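The primary structure of each chain is shown beneath.
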Amino acid sequence: MAVKDVQHRSVIVVGAGPAGSAAAQRLAEEGIDVLVLERRTVVGNPAQCGECIPNWGEVVGTFCHIGDNQWLKSYFDFPQRLRLHRLDNMRVFLPSGKSYEFELDAFAGHRLQFDGYLADKAVRAGAEILTNTSLKRLQRQRKANREILVTSEGRFTCDVLIDASGSLAHVARLRHGQDRSVRPEDQVPTIYAQVKGDVPETFDVFLGSVAPSGYAWIIPKGPGFANVGLGVRAGKLKGSLKDHLEQFCKDLNLEILSIGGGWIPMGGPVKRMVDGNTLAVGDAAGLVMPSNGGGISQAIISGCFAAEAIIDHFQTGAPLVAYEKRLRACLGPALKNSLRTKNMGYAFLRGDLITEAVLRILGPIGGIKRAMECEKPLWLL
Ligand SMILES: Cc1cc2nc3c(=O)[nH]c(=O)nc-3n(C[C@H](O)[C@H](O)[C@H](O)COP(=O)(O)OP(=O)(O)OC[C@H]3O[C@@H](n4cnc5c(N)ncnc54)[C@H](O)[C@@H]3O)c2cc1C
């Protein structure tokens with residue numbers, strides 16, 4: 001393509017994470033022309049994740065309004081080769097070391113393999129993915145009444161744009177700067193390490209001064225290997241996150257093999273997910289569970305719903321905002337509970353003594369389990 005050329009596509013997706021790949025596959029299966037722009041050289045690399053991947057059972061358990069969606073159900077039927085370790089149980093540790101345990105329906109994987117697998121499926125369905133292609137600018141051409149996507153590899157226009165660019169929501173940022181109605185809020189810095197040593201069988205979560213206004217985790221990935229991480233509300237930890245993570249691993253006698261990090265948007269869904277012809281999905285729409293940082297399920301569900309709204313829009317002229325209505329009806333209640341839990345955590349879990357006391361009251365009556373499963377943290381609240 002010559003530098004001046006502008007290529008037109010029906011749908012452009014920015015980002016080949018789980019949200020972007022799910023949307024691209026769903027659209028391509030309907031014969032819709034779809035191009036995915038991905039700034040990374042290799043999809044999924046580097047991984048920025050604890051790598052706990054939910055099974056369909058976990059998804060329907062959390063989002064009871066999802067209904068009988070056969071496309072999503074089969075999408076979540078991930079092949080055995082991606083499943084490194086079953087995560088059937090989660091333990092939540094109080095500062096004293098006392099723990100509460102409950103069931104989980106998930107597995108540990110490698111995001112590099114997982115994201116690559118999802119992207120391959122989108123390509124097999126007919127989508128095109130351009131790697132090494134970063135969206136740099138949005139250029140409004142008033143006379144032609146069009147917006148040009150200026151990327152590192154050329155210029156594009158499209159009928160519909162999907163912002164699947166992750167927590168920093170690049171399309172919203174380029175178009176609206178710091179406008180808070182379209183940007184995910186409460187970006188929590190997280191750091192994690194791949195470790196080897198004597199790791200547990202269960203997904204372990206640690207609360208208290210080890211991770212003020214956040215939590216530390218160990219997610220086993222197979223015999224002797226785990227992903228260990230730390231997510232702490234910005235400004236709440238004295239010293240560097242990396243030092244704390246290294247100390248945490250040292251205390252557990254775990255050897256660090258590599259370190260990574262990222263931002264998790266913990267502020268709940270953005271106020272506006274549809275902006276003209278642009279639909280925000282996954283982390284770009286602020287769909288992470290604020291109380292536990294999980295976002296893979298919501299990324300895939302939102303990618304599917306966005307694609308289905310676009311299909312309806314092309315076929316019947318239905319408005320694109322139908323996407324946001326459907327998504328809020330399905331994910332809204334659990335996300336709301338999760339946000340409430342996080343806010344209660346910010347308000348009450350201060351210091352080890354108070355954290356211990358509060359969790360000792362909540363634990364025996366199932367409050368911790370309810371909070372982690374994104375139900376109402378207390379029956380009345
Ligand atoms: C440290 C950490 C641990 C986590 N642990 C878990 C966990 O264990 N389980 C869980 O369910 N969730 C976890 N999450 C959250 C989960 O990773 C996200 O919710 C999920 O990846 C969101 O998917 P997405 O497709 O919306 O965005 P992403 O997976 O972030 O994908 C966005 C894609 O867009 C691309 N991109 C960005 N900007 C541009 C641009 N300008 N041009 C082109 N491409 C661009 C990126 O390169 C990336 O590939 C964790 C997050 C972090 C940071």
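Per-chain numbering applies: the sequence of each chain, read as written, is numbered from 1 onward. At least 70 in pLDDT is required for a residue's local features to be given in this predicted model, at least 80 for side-chain atom pairs to be given and counted, and no such filter applies to totals for whole chains, interfaces and linings, which use all residues.

Draft legend 1. Looking closely at the overall build of the protein chain. Within the protein chain, the regular secondary structure consists of 10 helices and 16 strands. Throughout, the radius of gyration refers to the C-alpha atoms, and the reference size of a globule is 2.2 Å times the residue count to the power 0.38. The globule rule puts the C-alpha radius of gyration for 381 residues at 21 Å, and the 21 Å found for the protein chain is close to it. Taken along its principal axes, the extent of the C-alpha atoms in the protein chain is 65 × 45 × 40 Å. Expressed as a percentage of the 381 residues in the protein chain, the buried residues total 48%. In this description, any two residues whose backbone-derived C-beta atoms lie within 7 Å of each other are considered to be in contact. Counting contacts in the protein chain only where the partners sit at least 6 residues apart, residues at least 24 apart contribute 68% of the total. The secondary structure listing takes helices from DSSP runs of H or I that are at least 4 residues long and strands from runs of E that are at least 2 residues long, numbered from the N terminus. With C-beta atoms placed from the backbone, a residue counts as buried when 20 or more other C-beta atoms lie within 10 Å of its own, as exposed when 12 or fewer do, and as partly exposed for counts between those limits.

Draft legend 2. Quick look at the domain arrangement of the protein chain. When cut into domains, the protein chain gives domain 1 (6–85 + 109–186 + 266–339) and domain 2 (87–106 + 187–265 + 353–372). On a C-alpha basis, the centres of domain 1 and domain 2 stand 28 Å from each other. Of the residues lining the interface, 27 residues belong to domain 1; the matching set on domain 2 comes to 24 residues. Those elements that place two or more of their residues in the side of domain 1 that touches domain 2 are strand E3 (52–54) and helix H2 (56–62). Side-chain classes follow a simple rule in which Ala, Val, Leu, Ile, Met, Phe, Trp, Tyr, Cys and Pro form the nonpolar group, Asp, Glu, Lys and Arg form the charged group, and the remainder, Gly included, forms the polar group. A per-class count over the side of domain 1 that touches domain 2 returns 10 nonpolar, 12 polar and five charged. The start and end points of each domain follow an automatic or database-based domain assignment.

Draft legend 3. Representation of the sheet that holds strand E10 (residues 187–196) within the structure. Whether two strands pair depends on DSSP finding at least two bridges between them. Taken in spatial order, the eight strands make up an open sheet running E3-E5-E4-E11-E12-E13-E10-E14, and their pairing is mixed. Of all strands in the sheet, those with a lone pairing partner are E3 and strand E14 (255–265), marking the two edges. Between one strand and the next, the sheet's axes are offset by a mean angle of 30°, whatever the strand orientation. As paired strands, strand E11 (residues 203–206) and strand E12 (residues 214–222) are joined by three bridges and run antiparallel to one another. Among the inter-strand pairings, Asp204 is bridged to a residue of E12, identified as Ile218. Each axis is a line fitted through C-alpha atoms, taken for helices only over the stretch in contact, and angles between the N-to-C directions span 0 to 180 degrees.

Draft legend 4. Representation of the nonpolar core in the model. For this entry, the nonpolar core is defined as buried Ala, Val, Leu, Ile, Met, Phe, Trp, Tyr and Cys residues connected by C-beta atoms within 7 Å. In terms of nonpolar packing, the biggest core is built from 113 residues, with Ala23 and Val281 touching the most fellow members. Ranked by residues supplied to this core, first place goes to helix H7 (residues 296–316) with 10 residues. Here this core spans two domains, since at least three of its residues come from each of domain 1 (6–85 + 109–186 + 266–339) and domain 2 (87–106 + 187–265 + 353–372). Beyond its immediate stretch of four places on either side in the chain, Val281 contacts Ala19, Ala23, Ile162, Asp163, Ala164, Ala299, Ser302, Gly303 and Ala306.

Draft legend 5. Up close: the site of the ligand. What makes a residue near a molecule or strand is its C-beta atom, placed from the backbone, lying within 6 Å of it. In the region of the ligand, 36 residues are neighbours, and Gly15, Gly17, Gly166, Gly282 and Gly295 sit closest. Elements represented by at least two residues in the shell around the ligand include exactly helix H1 (18–29), E10, E14 and H7. Looking at the shell around the ligand, the element that brings in the most residues is H1, giving three residues. Grouping the amino acids of the shell around the ligand by side-chain chemistry returns 15 nonpolar, 16 polar and five charged. Taken domain by domain, the shell around the ligand gets at least three of its residues from each of domain 1 (6–85 + 109–186 + 266–339) and domain 2 (87–106 + 187–265 + 353–372).

Draft legend 6. Representation of unusual backbone geometry within the structure. Following Asn45, the chain continues to Pro46 via a peptide bond in cis, the omega torsion being 5°. Its place among the elements puts Pro46 in the loop between strand E2 (34–37) and E3. The phi dihedral of Asn132 falls on the positive side, at around 60°, and the residue is not glycine. Among the structural elements, Asn132 can be located in the loop between strand E6 (128–130) and strand E7 (135–141).

Draft legend 7. Summary view of the packing of H1 against helix H4 (residues 111–125). The geometry of H1 relative to H4 is characterised by a closest axis approach of 8 Å and an angle of 20° between their N-to-C directions. Comparing their axes, H4 and H1 come out roughly parallel. Considering how the two elements wind past one another, H1 and H4 form a crossing that is left-handed. Counted together, Pro18, Ser21, Ala22, Ala24, Gln25, Ala28 and Glu29 of H1 and Asp115, Leu118, Ala119, Lys121, Ala122 and Ala125 of H4 form the full contact between these two elements. Put simply, angles under 35 degrees are roughly parallel, angles over 145 are roughly antiparallel, angles from 65 to 115 are roughly perpendicular, and the rest are oblique. The sense of a crossing depends on the near helix, which, turned anticlockwise from the far helix by less than a right angle, makes the crossing left-handed and, turned clockwise, makes it right-handed.

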